[in-house]
Amino acid sequence: MSDDKSMLSRRNALKCMAYGGAGTLFALSGGVFTPIDLAMARGYDESKEGRVLGRPLFVQISDTHIGFNKEANPDVAGTLTQTIDIVNRMSVQPALIIHTGDITHLSKPAEFDLAQQLFSRLRTTEMHTVPGEHDTTDATVTEYFNRFGSASKNKGYYSFDHAGVHFIALINVLQFKPGGLGTLGAEQIAWVAADLKGRSASTPIVVFAHMPLWTIYEPWGWGTGDADQLLSELRRFGSVTVLNGHIHQIVQKVEGNMTFHTARSTSYPQPLAGVGPGPSPLKVPADQLQALLGITSVSLVKHPSSLALNDTALA
Amino acid sequence: VNIRRMQMLLTVVGMVILGAAEVYVPSAAETADATKIVAKDFMFMPTPVTVKAGSTVTWTNMDNEPHTVVSDTGLFKSGGMDTSESFSYKFDKPGTYHFTCSIHPRMVGTVVVE
């Protein structure tokens, strides 16, 4: 739900509460991404209020874990289908879908096939992905790249532009170090530096990767060991939005011009940092599950030009 | 001797034994030529383990979250192991072999081959 209280009319606040938490919508507002609720995005129209909420730019889906079948959610295909229905019902469709990884649970071909079959129902057809560590456990690390590797020429990182926003997709789940956090690696960081060279500091930047690019909880590996080198390349920009998944819950931080945000999963929740022996799937009462699953959407707000983030739950 | 008190004591001893039974303890037969390591509560246990050259080590995932077993040198690599799934590797040469779960890199362990 939005931190930007000025955007929340009472009516929309009530809508937010009604829909609880299915995803996050982001709007670019004054060059700064702000989360707004998908329930609000659904209400987007050409009215004054609709314009204030912004035009949906993209929706972030994360941690779909197709193949998971334990008690924390025996029907992850069902909750992804619900998620897709919510996105498809948005009155103005987002231009892009971004998936921040853990598409599958065990990197199995059948899991990827089912995920792609479900994604094919999205009305928005342009989808950008980065892999999670669950997508790269096959011995040859080829199942993900065979399906989603073309955008990055199988490197896992690439950039693109849309609506004046520069998007950078990064991979931080391959070069893991024993005992450590996620890793980007020197080669990828050097590529980012080159990619950003010559870009105007007023260009809004969206960076997305699976594991958080800021340390949320080191004992569980909720962070990226060499993220600081990446962030130092981004500091000169006026609006930087860093989007991650991995931890199956919303954690947000604003630091200078950078907004860090982790999305909910569409599959199952995980415990709060440090609660229990590790980040296991969290079993909650069935009637509470949907409120803990969801997506993030990002809107482009023109006056002032900015991005707004919005989290929406399935129920 | 107070019989009632002894019964209580026996009950307590029984409970302690029952409690201990939940911890995996390899039997002597299992340690002879095969060693079992479990991944449980996001830890490899036991570790380190010492085996003779030619021994097969089997890792079993006992968590509700998938784990992998990946040699630090790339010598062996399991796929993603779901709950109750196992992976085995036969160690032919003496040496010290470190391994990690690539999904949870803080999970580390060591096999020493003599």
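Residues numbered from 1 in each chain as written. Chains lettered and ligands numbered in written order. Predicted model: local features only at pLDDT ≥ 70, side-chain atom pairs only at ≥ 80, totals over all residues. Heavy atoms only, no water.

Thoughts on the interface of chain B and chain A
Contact with chain B, which involves 23 residues of that partner, is made by 27 residues of chain A. For the pair chain B and chain A, the two sides together bury roughly 1900 Å², of which 60% comes from carbon and sulfur. On inspection of chain B and its partner chain A, the count reaches 1 salt bridge. Across the pair Asp82(B) and Lys70(A) runs a salt bridge, and its minimum N-O distance is 3.1 Å. Inspection of the region where chain B meets chain A yields 4 residue pairs in polar contact (both at pLDDT 80 or more). (Contact = heavy atoms within 4.5 Å. Buried area = accessible area lost by both parts, 1.4 Å probe. Salt bridge = Lys/Arg side-chain N within 4 Å of Asp/Glu carboxyl O. Polar contact = N/O pair within 3.5 Å; in protein donor to acceptor, adjacent residues only side chain to side chain.)

A few points about the confidence of the model for chain A
Fine structural detail should not be taken from predicted coordinates in areas where pLDDT scores are low. Residue and element names in this part refer to chain A. Across chain A, the average pLDDT comes to 83, with 80% of residues at or above 70. Under a pLDDT of 50 for its full length, residues 1-23 has, in the predicted model, 64 contacts with residues more than four places off or in other chains. Here residues 28-46 scores under 50 on pLDDT; set against residues more than four positions off or in separate chains, the count is 125 contacts. (pLDDT = per-residue confidence, 0-100.)

Description of the pattern of salt bridges
What the rule picks out here adds up to 9 salt bridges over all chains. Arg147(A) is paired through a salt bridge with Glu143(A); the nearest N and O atoms lie 2.8 Å apart. Of the two residues, Arg147(A) and Glu143(A) both sit in helix α6 (residues 143-148), 4 residues apart, roughly one turn of that helix. Overall, the relative accessible area of 18% leaves Glu143(A) in the buried class. Across the salt bridge formed by Lys90(B) and Asp92(B), the nearest N and O atoms sit 3.1 Å from each other. Assessed through its relative accessible area of 45%, Lys90(B) is described here as partly exposed. Each of Asp113(A), Glu143(A) and Arg147(A) takes part in one network of salt bridges that share partners. (Helix = DSSP H or I, 4+ residues; strand = E, 2+ residues; numbered from the N terminus. Buried < 20%, exposed > 50% of the residue type's maximum accessible area, 1.4 Å probe, protein only.)

Topic: the sheet that holds strand β3 (residues 49-51) of chain B
Residues and elements named next belong to chain B. If you trace the 4 strands from one edge of the open sheet to the other, you get β3-β8-β7-β5, paired in mixed fashion. At either margin of the open sheet sits one strand with a lone partner, and together these are β3 and β5 (70-71). As defined by bridge partners, strand β7 (residues 95-100) adjoins strand β8 (residues 108-113) across 6 bridges and the pair is classed as antiparallel. Directly across from Gly95, in β8, lies its bridge partner Val113. (Pairing = 2+ DSSP bridges.)

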